[in-house]
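The chain contents come next:
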Amino acid sequence: ARAYLSYDPAAAEIAFDMIEVESPALSLEARGRAFLRDMQDGLPGEIWGQFELPRIDADPGGGLAAPLALRGAGADLKLELAPFRAEIRAARATLGAAPGGPRVTAAGHLGTGPGGWRLALDAGLDRIGLGAALDLWPGGWRPGVRSWLAENLLEGTLADANLALRAAPGGD
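Computed from a predicted structure; not experimentally measured. (Residues numbered from 1 in each chain as written. Predicted model: local features only at pLDDT ≥ 70, side-chain atom pairs only at ≥ 80, totals over all residues. Heavy atoms only, no water.)

A. Structural view of the side chain of Glu-46. With respect to the secondary-structure elements, Glu-46 resides in strand 4 (residues 46–58). In this structure the side chain of Glu-46 is engaged in a polar contact, spanning 3.0 Å, whose partner is the side chain of Trp-48. Sequence-distant contacts of Glu-46, defined by excluding residues within four places in its chain, comprise Phe-35, Leu-36, Arg-37, Asp-38, Lys-78, Leu-79 and Glu-80. (Helix = DSSP H or I, 4+ residues; strand = E, 2+ residues; numbered from the N terminus. Polar contact = N/O pair within 3.5 Å; in protein donor to acceptor, adjacent residues only side chain to side chain. Contact = heavy atoms within 4.5 Å.)

Given below as structure tokens:
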């Protein structure tokens, strides 16, 4: 991994001219800005960020039939430090390496609260073909359902797909 950044103390702004990560599980390029807010004793209470991610390739532990490729991604982020809360205010990307692929959107947050961690993630996908959707299906999750779909549906398109994921202390 490597990053080139500069800090403007007068504006309390960090410019990330280049961020690169190369590993077997994740490869990405990014650039953007982070704005330090609510400074107290030289430390920010919040960090707001706006980032462009032209290329993201992920293969988390080989759990997908094909590596996940995202292009033209962008995200508006907010990080609160006490108590800890990371927020994706808005994110978007194109799924696949080819131009004109399906559009993905996401928003959510992860933070600490009474009793432990809380997570909320909402994501949407404008459209995706059956084969591409099955390629993104995690290998160990509901393999019987995945096999049935692959064997019994010859073709199809998912349109306006939405996902809502929630996790809270004490939840399953």
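B. Structural context of the pattern of salt bridges. In this structure the tally under the stated criterion is eleven salt bridges. Among the ionic pairs, Lys-78 bridges to Glu-80, the shortest N-O distance being 3.4 Å. Lys-78 sits in the buried class, given a relative accessible area of 15%. Judged by its relative accessible area of 22%, Glu-80 is partly exposed. As a salt-bridge pair, Asp-122 and Arg-166 come within 2.9 Å of each other at their nearest N and O atoms. Here the residue Asp-122 occupies a position in strand 8 (residues 116–129), and Arg-166 occupies one in strand 9 (residues 157–167), the gap between them amounting to 44 residues. Looking at Asp-122, the relative accessible area reads 36%, which means it is partly exposed. Through salt bridges that share partners, Glu-22, Glu-29, Arg-55, Asp-57 and Arg-71 make up one connected network. (Salt bridge = Lys/Arg side-chain N within 4 Å of Asp/Glu carboxyl O. Buried < 20%, exposed > 50% of the residue type's maximum accessible area, 1.4 Å probe, protein only.)

C. The pairing of strand 8, seen in detail. Here strand 7 (residues 103–113) runs beside strand 8; their pairing, made up of ten bridges, is antiparallel. Paired with Gly-108 across the two strands is Leu-121, which belongs to strand 8. Connecting the antiparallel pair strand 7 and strand 8 is a turn made up of two residues, with Gly-115 showing a positive phi of about 90 degrees. Two strands pair when backbone bridges link them, and strand 8 and strand 9 are joined in this way by ten bridges, in the antiparallel orientation. Looking at the pairing, Ala-120 lines up with Arg-166 of strand 9. (Pairing = 2+ DSSP bridges.)

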